[in-house]
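Here are the chains, one letter per residue:
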Amino acid sequence: KRIGMEAGSTDRVCPGDRLGNIRELEAGEGTFVRSNFIFASVIGEKEIIQDKETGKTRINVIKGKEPAVVPELHSVVTARITKVQQKFASAIILCVGPKALKEPFVGMIRLQDVRLTEQDKVEIYKCFRPGDLVKAEIISLGDKHSYYLSTAKNEFGVIFAQSVAGATMIPVSWDQMQCPKTKMKEFRKVAKI
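The structure presented is a predicted model; accordingly, all values stated were derived computationally and were not measured. (Residues numbered from 1 in each chain as written. Predicted model: local features only at pLDDT ≥ 70, side-chain atom pairs only at ≥ 80, totals over all residues. Heavy atoms only, no water.)

Quick look at the sheet that holds strand β5 (residues 31–34)
Taken together, the 3 strands give an open sheet; going across it, the order is β3-β6-β5, and neighbouring strands pair in antiparallel fashion. A strand with exactly one partner marks an edge of an open sheet, and here the two such strands are β3 (18–21) and β5. On average, adjacent strands in this sheet sit at an angle of 30 degrees to one another, irrespective of strand direction. Relative to strand β6 (residues 37–40), β5 runs antiparallel, the two sharing 4 bridges. (Pairing = 2+ DSSP bridges. Helix = DSSP H or I, 4+ residues; strand = E, 2+ residues; numbered from the N terminus. Axes fitted to C-alpha atoms, helices over the stretch in contact; angles between N-to-C directions.)

A look at the state of the cysteines
Put plainly, two cysteines are in a disulfide when a covalent bond ties their sulfur atoms together. Counted under the stated rule, the structure contains 1 disulfide. Here Cys 14 engages in a disulfide with Cys 95; their sulfurs sit 2.1 Å apart. With the S-S bond torsion at -110 degrees, the cross-link from Cys 14 to Cys 95 turns out left-handed. Of this pair, Cys 14 sits in the loop between β2 (12–13) and β3 while Cys 95 sits in strand β10 (residues 88–96), and the two are 81 residues apart along the sequence. With respect to burial, Cys 14 and Cys 95 carry one shared label: buried. (Disulfide = S-S within 2.5 Å. Buried < 20%, exposed > 50% of the residue type's maximum accessible area, 1.4 Å probe, protein only.)

Right, dumping it as structure tokens:
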């Protein structure tokens, strides 16, 4: 039986959106679990299903058509890191606020836009890796090729990362995440969620 949070409702969600607690719901397709909470791992519609046989309630995120949205100055975005170079990280913007983009836009996080303090000590490869999902703010419409993004505030940074072992990494500090399988730690600029 398909149900919504409130009798049949569905909501559009983006990667990193918190969907519920594992004590109340079971994580399903298009989700991941971190710190006892269920988060969306894909862009799509939130769907809650009540299993008649087991009595468990499962939450899924079903991919669907995305509405036309365009990033604007000071918008909070969700982006996937595609390339890390010495002075910047390239990203594909997937969501603007809670709204999924119909077509992805290109973004760039420059060295000076990673954090507010000790900007001269920032090493971009210790902040982001290809495949990471980040929450950032558009600080400039940039050049004709990409938007300039910033993760300088505490609430911005990596919200989802996968380890070499394929596990969802867990934040252990503002600058490190740990693989739950191998216990290996990797540097990241972690978002405070």
